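Here is how the chains run, residue by residue.
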Amino acid sequence: EHEEEILRGIKTQKGNPSSSGRHRIEVAKLLELKAQLGGDDGKQTFVLKTAKGTRDYNPKQMAIREKVFNTIVSCFKRHGAETIDTPVFELKETLTGKYGEDSKLIYDLKDQGGELLSLRYDLTVPFARYLAMNKITNIKRYHIAKVYRRDNPAMTRGRYREFYQCDFDIAGQYDPMIPDAECLKIVYEILSELDLGDFHIKVNDRRILDGMFAVCGVPDEKFRTICSTVDKLDKMLWEDVKNEMVKEKGLTEEAADQIGEYVSMQGGMDLAERLLHDPKLSQSKQACAGLTDMKQLFSYLQLFQITDKVVFDLSLARGLDYYTGVIYEAVLCQTLQAPTPAPAEQNGAVSGEEGGVSVGSVAGGGRYDGLVGMFDPKGRKVPCVGVSIGIERIFSIMEQKAELSAEKVRTTETQVLVASAQKNLLEERLRLTAELWNAGIKAELLYKKNPKLLTQLQHCEETGIPLVAILGEQELKDGVVKVRNVATREEVRKASQSKHELNITLLKTMCFMMLHE
């Protein structure tokens, strides 16, 4: 009906020169309606794309991803962690007021006439809610799940609106800095094992930051908003950060300059010692407590033999409101060249900074002793410290390395293909394949009654299957199984006196060949 109305309007105004612009607009509307309703054949047309800030993962990408996950999970388990899961959405009030200026990035779900809900922004706040709700005071847990942020995605840099987080947290009342040091050790182990290149881990303490703000003349009510601005120093020049502090957030230029002197400082235990005697900073009890703990932390890191990668950096702020003590962030020291993404993968990418994969932070975390108490009716606190591994950013680098490397990525784990050399051997192939599956061996066959032997061998080469078990009429007659190493073309023939023995012989042969490839 709407379409007919537009057409009638065009006919009525035909011949009127002033209406030509309106005609074009109406025609455009008609074309848009046509696209929505479907083509000339009446079929509805769809725009085949993923939502902004999301992506699909093909089998090759998933194989790389699974390898990364396995490395991370094995590290978490090596350190004695157990795992939990929580819902993908939480009550809106659970997430409100926990993320500072980043709260605007939370996805609120449409009100369905019931509870007001939001998609989880991270895994830390749901973890704190879980502890308070279940009255848990001690746990070492890891959690790997998707989170959601209404961010401006830069997808070739590993920034998305839907992405995985891999979190490790220690909750409980323990002596200072021991769990904190273990979290840093975990980051060190994971980044070293993944072989991503050179990296360093920046550490600071929220108490040192707050003490610094106080002695520099920042009003109490501006601590968090100034902290969010300092957190941008890894992306912006100091002049731009200072400009935001003074012009947008109302800080005096003198206070901003004093902050600038401190945030340029980097070092180790020696810097903590020096700042304990700093005329200004030593006046803050809060800062002194943080600096004393920082010295203790570095002494434990020396015992863990990881101080070569850890730097005490006063510019590190981490903008989230819930941190109360030590904070840390791991950064890679190199940039990889990014391949041009396919049009379907450019969805939501930000231009201008996509020349290389400069992924920035690949892990971060800290101590948040007050978060659980926010959810407890009696305000009982459960001290917590944790780390989140930036799996998407790490995956971006691993994907680039795979693209640049000549090494083929296997997307299946099949160990042996059961093949036939002649026709009419489907039943025998099915029977042997079933025996292999029952023995726990990863096997497959082509879904053709009479496949050519060359086709079967080509399938092995294309998919990386290392072995092929070849059945032929003569082999069956002689009670022999022939196993070929696809790469070297070496063959082994073994005789047997029963089907069971045939299977055992095959298994032993396979193991021998796989070990000596």
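Every value quoted in this text rests on a predicted model; they were computed, and no experiment measured them.

**Some thoughts on the overall build of the protein chain**
In terms of helices and strands, the protein chain carries 18 helices and 18 strands. By the burial criterion, 48% of the 517 residues in the protein chain qualify as buried. A fraction of 69% describes how many contacts in the protein chain between residues 6 or more apart in sequence connect residues 24 or more apart. In the form shown here, the protein chain has an accessible surface area of approximately 27,100 Å², with 52% of it arising from carbon and sulfur atoms.

**Brief notes about the layout of surface pockets**
When its volume is computed, the second largest pocket comes out at roughly 560 Å³. Lining the second largest pocket are 20 residues, and of these Ala63, Ile64, Lys67, Glu407 and Val409 lie nearest its centre. Among the secondary structure elements, those contributing two or more residues to the lining of the second largest pocket are helix 3 (59-78) and helix 14 (391-404). It is helix 3 that contributes the most residues to the lining of the second largest pocket, 7 residues altogether. A breakdown of the residues in the lining of the second largest pocket according to their chemical character gives 8 nonpolar, 4 polar and 8 charged.

**Considerations on helix 8 (residues 223-230)**
Within helix 8, 6 of the 8 residues are buried, leaving the element largely enclosed by the surrounding structure. Regarding helix 8, the residues found buried are Phe223, Ile226, Cys227, Ser228, Thr229 and Val230. The elements touched by buried residues of helix 8 are helix 7 (206-215), helix 9 (238-248) and helix 10 (253-263).

**A word on the UniProt feature "binding site: L-histidine" (unreviewed entry) in the protein chain**
Mapped onto the present numbering, the UniProt feature "binding site: L-histidine" (unreviewed entry) falls on Asp122, Leu123, Thr124, Arg149, Gln165, Asp169, Arg318, Tyr322 and Tyr323. Mapped onto the secondary structure, arginine 149 falls in the loop between strand 4 (139-148) and strand 5 (162-171). If we ignore the near neighbours within four places in the chain, the residues touching arginine 149 are Leu105, Tyr107, Tyr121, Asp122, Tyr160, Arg161, Phe163 and Gln165. By the secondary structure assignment, glutamine 165 is in strand 5.

**Brief notes about the sheet that holds strand 13 (residues 384-389)**
The strand order 1-4-5-13-12-9-6-8-7 describes an open sheet built from 9 strands, whose pairing is mixed. The open sheet has two free edges, formed respectively by strand 1 (82-83) and strand 7 (266-267), since each of these has just one partner strand. The pairing of strand 7 with strand 8 (residues 310-313) spans 2 bridges and is classified as antiparallel. Counterpart to glycine 267 in the pairing with strand 8 is phenylalanine 312. Helix-sheet contacts for helix 14 involve strand 5, strand 9 (326-332), strand 12 (361-367) and strand 13, and the interaxial angle to strand 5 is about 120°.

**Topic: the environment of valine 88**
Among the secondary structure elements, valine 88 is positioned in the loop between strand 1 and strand 2 (89-91). Residues valine 88 and valine 147 lie 59 residues apart in sequence; the distance between their C-alpha atoms is 7.4 Å. Residues within four places of valine 88 in sequence aside, it is in contact with Ser118, Leu119, Arg120, Lys146 and Tyr148.

**Focus: the packing of helix 7 against helix 12 (residues 285-303)**
In the contact formed by helix 7 and helix 12, the axes pass within 7 Å of each other and the chain directions differ by 145°. For the crossing formed where helix 7 meets helix 12, the hand is left-handed. Contacts between helix 7 and helix 12 involve Arg207, Ile208, Asp210 and Gly211 on the former and, on the latter, Gln286, Ala287, Ala289, Gly290, Leu291, Asp293 and Met294. Taken together, the residues that form the contact of helix 7 with helix 12 break down as 5 nonpolar, 3 polar and 3 charged.

**Quick word on unusual backbone geometry**
Positive phi outside glycine occurs at aspartate 195, with the angle close to 55°. Inspection of the secondary structure assignment puts aspartate 195 in the loop between helix 6 (178-194) and strand 6 (199-205). In the Ramachandran plot, glutamine 305 falls in the positive-phi region, its phi being about 60° despite a non-glycine side chain. Tracing the chain through its elements places glutamine 305 in the loop between helix 12 and strand 8. The exposure class assigned to glutamine 305 is exposed, which follows from its relative accessible area of 64%.

**Structural notes on the packing of aromatic side chains**
For the coordinates displayed, the defined rule picks out 8 aromatic pairs. For the ring pair phenylalanine 76 and tyrosine 142, a centre distance of 5.6 Å and an interplane angle of 35° mean the geometry is tilted. Taken together, the residues phenylalanine 76 in helix 3 and tyrosine 142 in strand 4 connect sequence positions 66 residues apart. Overall, the relative accessible area of 9% leaves tyrosine 142 in the buried class. An aromatic cluster is defined as three or more aromatic residues linked by ring pairs; in this entry it consists of Phe76, Tyr142 and Phe168. A cation sits over an aromatic face here: arginine 65 above phenylalanine 395, 5.5 Å from the ring centre. Between the NZ or CZ atom of arginine 149 and the centre of the ring of tyrosine 121, over which it lies, the distance is 3.9 Å.

**As for the packing of helix 7 against helix 10**
The axes of two packed helices give the description: the angle between them and the distance between them. Helix 10 packs onto helix 7 with a crossing angle of 145° between their chain directions and a minimal axis gap of 9 Å. Between helix 7 and helix 10 lies a crossing of right-handed hand. On helix 10, the residues that touch Met212, Phe213 and Val215 of helix 7 are Gln258, Ile259, Tyr262 and Val263. Taken together, the residues of the contact of helix 7 with helix 10 break down into 6 nonpolar, 1 polar and no charged.

**Structural notes on the pairing of strand 8**
Neither face of strand 8 is left uncovered, since the one carrying Val310 and Phe312 and the one carrying Val311 and Asp313 both have all their residues buried. As paired elements, strand 6 and strand 8 share 3 bridges and run parallel to each other. Each bridged residue has a counterpart across the sheet, and for valine 203 the counterpart in strand 8 is phenylalanine 312.

**Focus: a nonpolar patch on the surface**
On the surface, a nonpolar cluster with roughly 220 Å² of combined accessible area is contributed by Val88, Phe89 and Leu109. Locating leucine 109 in the fold gives a position in the loop between helix 4 (92-95) and strand 3 (117-119). With a relative accessible area of 33%, leucine 109 lands in the partly exposed category.

**What about the nonpolar core?**
Soluble globular proteins: nonpolar side chains tend toward being buried together. Phe76, Ile201, Met212, Phe213, Ile259, Phe312 and Ile389 are the most contacted members of the largest nonpolar core, which totals 99 residues. No other element matches the 9 residues that helix 6 contributes to this core. If we ignore the near neighbours within four places in the chain, the residues touching phenylalanine 76 are Ala81, Tyr142, Cys166, Asp167, Phe168, Ile186, Ile190 and Ile389. With 11 residues, the next largest nonpolar core counts Val416, Leu432, Leu467 and Ala469 among its residues.

How each quantity is defined
Residues numbered from 1 in each chain as written. Predicted model: local features only at pLDDT ≥ 70, side-chain atom pairs only at ≥ 80, totals over all residues. Heavy atoms only, no water. Helix = DSSP H or I, 4+ residues; strand = E, 2+ residues; numbered from the N terminus. Buried < 20%, exposed > 50% of the residue type's maximum accessible area, 1.4 Å probe, protein only. Contact = heavy atoms within 4.5 Å. Areas by Shrake-Rupley, 256 points an atom, 1.4 Å probe, with all protein chains shown as cover. 1 Å grid on protein atoms, 1.4 Å probe; cavity = no way out; pocket = protein on both sides within 12 Å on 5 of 7 lines; lining within 4 Å. Points joined across faces, edges and corners; volume = space filled by probe spheres on them. Nonpolar A, V, L, I, M, F, W, Y, C, P; charged D, E, K, R; others polar. UniProt positions renumbered as here; feature names shortened; annotations may be inferred. Pairing = 2+ DSSP bridges. Axes fitted to C-alpha atoms, helices over the stretch in contact; angles between N-to-C directions. Left-handed = near helix turned anticlockwise from the far one by under 90°. Phe/Tyr/Trp six-rings, centres within 6.5 Å; stacked < 30°, edge-to-face > 60°. Lys NZ or Arg CZ within 6 Å of the ring centre and 35° of its normal. Patch = residues over 30% accessible without salt bridge, like charges linked within 9 Å, V, L, I, M, F, W, Y side chains within 5 Å. Salt bridge = Lys/Arg side-chain N within 4 Å of Asp/Glu carboxyl O. Core = buried A, V, L, I, M, F, W, Y, C linked by side-chain atoms within 4.5 Å.

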